[in-house]
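Structure at a glance
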Amino acid sequence: MISASFGGGHHQASSAVAQALAERVRLRLAQVDAVEMLTPAERALIVGVYGFWLRHLPAAYHAFYRWTDQPSEPRIVTSSFEWLGIGGLRRELLAQRPELVVSTFPTSVALADTVRRREGLHFLNALVLTDYRVHHHWARPQADLLLLPTESTRREMLGWGMAPERLAVTGLPVSLEVERLSRLGRLERRREMLAALGWDEDPPEPLILLSGGSGVYGAFMEILEVLGNLGERVRVLVVAGPCPPGVQQLGGAAVHHLGYRADFAALLAGADLLVGKAGGMTVAETTALGVPLVVYRPIPGQEEHNAEYLLEHGAALWPRSPHELRRAVLTLLDPQARACTAAAARALGCPDAARQVAGELLTSLGWEA
């Protein structure tokens, strides 16, 4: 399983597929981070520039995203995917000699193919798409099998020239815990959330979950200021935010800074709504659980497309300013509006996507009929 530590979504999708495979067959599994395969110099350049752009120059990242999202993308860029990190991945693949390599990051499938050809290895080279739009970098002809979240992404892959027999629509894989929670009723989910938080009673205020992913989201304090000035009392759970763990009162908002939580799925399943970015995994989990999402300041490029996908189906709101953010949150605090948005989100969800991915992989390998 090859993922990449650019945010947490690639790792989460990889782990979800690994869980589903392990339920079906006995296997020896190796989890690999493509970033760790890079040399120190490559890592400093690629990860450093990526992080700098997202924190300080998002417009530069957006320009790069658009520049590379076209058939005329310079060969110097596309060819780099076939050798960046090759030493580390070559050592890993020669040591493991796998029958199956599953990437949840677009460029590692090209790198795995380079090693496969040079070393005469034989394995199924699969790619799991973790966004809701096909950027050029996801259209990898080196992949033997591409697992896609939606029918629209299948059409986009065909537009990039991918062979139809290599494409399968499975949904974007979420953890088996999210799948389990998706089957519970509202009261059961709420009880599990309260137990995870160690709370004896359900608070009377609406409960808003705020999450921005791993380290590059700069809108936490701006959102908290808005939530503190809604004119209504709310309870806010902040996961992986910039503040140390503790509770503070900001206007009408009781804010619980929780730090990193391994039980994020239980918190999300019990929340009334989520405010944050629109990473692929966030979209997959909120739709699987039917939780309304208020998208605010998504990463330019892929997360904006993810947000557009939700908006198109009425499953989220996407305010562009603090004033619009306040109005959007107040809209979804209305029970009727929240129920409509939750139903639209649930209609898009695919809680069993990891199992569908596992089934496609096993069928392609001939391990199961």
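Conventions used here
Residues numbered from 1 in each chain as written. Predicted model: local features only at pLDDT ≥ 70, side-chain atom pairs only at ≥ 80, totals over all residues. Heavy atoms only, no water. Helix = DSSP H or I, 4+ residues; strand = E, 2+ residues; numbered from the N terminus. Rg over C-alpha atoms; globule rule 2.2 N^0.38 Å. Buried < 20%, exposed > 50% of the residue type's maximum accessible area, 1.4 Å probe, protein only. Areas by Shrake-Rupley, 256 points an atom, 1.4 Å probe, with all protein chains shown as cover. Lys, Arg positive; Asp, Glu negative; His and termini not counted. Charge placed at Lys NZ, Arg CZ, Asp CG, Glu CD. Axes fitted to C-alpha atoms, helices over the stretch in contact; angles between N-to-C directions. Parallel < 35°, antiparallel > 145°, perpendicular 65-115°, else oblique. Contact = heavy atoms within 4.5 Å. Nonpolar A, V, L, I, M, F, W, Y, C, P; charged D, E, K, R; others polar. Pairing = 2+ DSSP bridges. Right-handed = clockwise from strand over helix to strand, strands pointing away. Salt bridge = Lys/Arg side-chain N within 4 Å of Asp/Glu carboxyl O. Phe/Tyr/Trp six-rings, centres within 6.5 Å; stacked < 30°, edge-to-face > 60°. Lys NZ or Arg CZ within 6 Å of the ring centre and 35° of its normal. Left-handed = near helix turned anticlockwise from the far one by under 90°. 1 Å grid on protein atoms, 1.4 Å probe; cavity = no way out; pocket = protein on both sides within 12 Å on 5 of 7 lines; lining within 4 Å. Points joined across faces, edges and corners; volume = space filled by probe spheres on them.

Here the focus is the overall build of the protein. Check the secondary structure of the protein and you find 17 helices and 13 strands. What you see for the protein is a C-alpha radius of gyration of 21 Å, in line with the 21 Å of a compact globule of 369 residues. Along the longest, intermediate and shortest principal axes, the C-alpha atoms of the protein span 65 × 45 × 35 Å. The 369 residues of the protein split such that 55% are buried. Total accessible area on the protein stands at roughly 16000 Å², and carbon and sulfur atoms take up 54% of it. Charge centroids of the protein, computed over 35 positive and 39 negative side chains, lie 2 Å from each other.

Our next topic: the packing of helix H3 (residues 40-56) against helix H4 (residues 58-68). Following both chains from N to C, one finds H3 and H4 inclined at 120 degrees, their axes separated by 5 Å at the closest point. With respect to H4, the element H3 is oriented oblique. Across the interface between the two elements, Tyr50, Trp53, Leu54 and His56 of H3 pack against Pro58, Ala60, Tyr61 and Phe64 of H4. Residue classes in the contact of H3 with H4 are distributed as seven nonpolar, one polar and no charged.

Once that is clear, we can look at the environment of Arg116. Tracing the chain through its elements places Arg116 in helix H7 (residues 108-119). Relative accessible area serves as the criterion here: at 13%, Arg116 is assigned to the buried category. Here the alpha-carbon distance between Arg116 and Leu93, two residues 23 residues apart in the chain, equals 8.5 Å. Apart from the residues within four sequence positions on either side, Arg116 is in contact with Leu121, Phe123, Asn125, Gln142 and Asp144.

Let us now look at the pairing of strand S3 (residues 100-103). Of the two faces of S3, the one lined by Leu100 and Val102 and the one lined by Val101 and Ser103 are each fully buried. Two elements, S3 and strand S4 (residues 124-128), share four bridges in a ladder whose sense is parallel. For Val101, the partnering residue across the bridge sits in S4 and is Asn125. With H7 bridging S3 and its parallel neighbour S4, the resulting β-α-β unit is right-handed.

This part covers the pattern of salt bridges. Per the stated rule, a full pass over the model turns up 18 salt bridges. For Arg235, the salt bridge goes to Glu205, with nearest N and O atoms at 3.1 Å. Taken together, the residues span a long stretch of sequence, with Arg235 in strand S8 (residues 234-239) and Glu205 in the loop between helix H10 (186-197) and strand S7 (207-211) at a distance of 30 residues.

A separate point is the packing of aromatic side chains. For the structure shown, the criterion picks out eight aromatic pairs. Against the face of Phe123 rests Arg116, its NZ or CZ located 5.2 Å from the ring centre. Over the aromatic face of Trp318 sits the side chain of Arg320, whose NZ or CZ is 3.5 Å from the ring centroid.

This part takes up the sheet that holds strand S11 (residues 273-276). The strand order across the open sheet built from seven strands is S9-S10-S8-S7-S11-S12-S13, with neighbouring strands paired in mixed fashion. The open sheet has two edge strands, strand S9 (246-250) and strand S13 (316-317), and neither has a second partner. Pairing analysis gives two bridges linking strand S12 (residues 293-295) to S13, with the strands arranged parallel. By the bridge assignment for S13, Leu293 is matched with Ala316. Packed onto the sheet, helix H11 (residues 220-228) meets S7, S8, S9, strand S10 (253-259) and S11 and runs at close to 170 degrees relative to S8.

Quick look at the packing of helix H13 (residues 280-289) against helix H16 (residues 335-348) now. What describes two packed helices is the angle between their axes and the distance between those same axes. Running from N to C, H13 and H16 cross one another at 110 degrees; their axes reach a closest spacing of 6 Å. Judged by the angle between their axes, H13 and H16 are roughly perpendicular. In terms of crossing hand, the pair formed by H13 and H16 is left-handed. Contacts from Thr286, Thr287 and Leu289 of H13 reach H16 at Ala345, Arg346 and Leu348. For the contact of H13 with H16, the residue count by class is three nonpolar, two polar and one charged.

Attention now moves to the layout of surface pockets. In this structure, the second largest pocket spans a volume of roughly 430 Å³. Around the second largest pocket, the lining is made up of 20 residues, and of these Arg28, Leu29, Pro98, Glu99 and Leu100 lie nearest the centre. At the level of elements, helix H6 (86-96) and S3 are the ones that each hand at least two residues to the lining of the second largest pocket. Residue classes in the lining of the second largest pocket are distributed as 14 nonpolar, one polar and five charged.

Side chains Leu145 and Leu147 project from strand S5 (residues 145-148) onto one buried face, and the interleaved Leu146 and Leu148 project onto a second face that is buried too. One ladder, built from three bridges, connects S4 with S5; its direction is parallel. Residue pairing for S5: Val128 is matched across the bridge by Leu147. Bridge count for S5 against strand S6 (residues 167-169) is three bridges, and the pairing is parallel. Among the inter-strand pairings, Leu148 is bridged to a residue of S6, identified as Val169. Following the chain from S5 across helix H8 (residues 151-159) to the adjacent parallel S6, one finds a crossover that is right-handed.

Nothing here speaks to function; it is all geometry.
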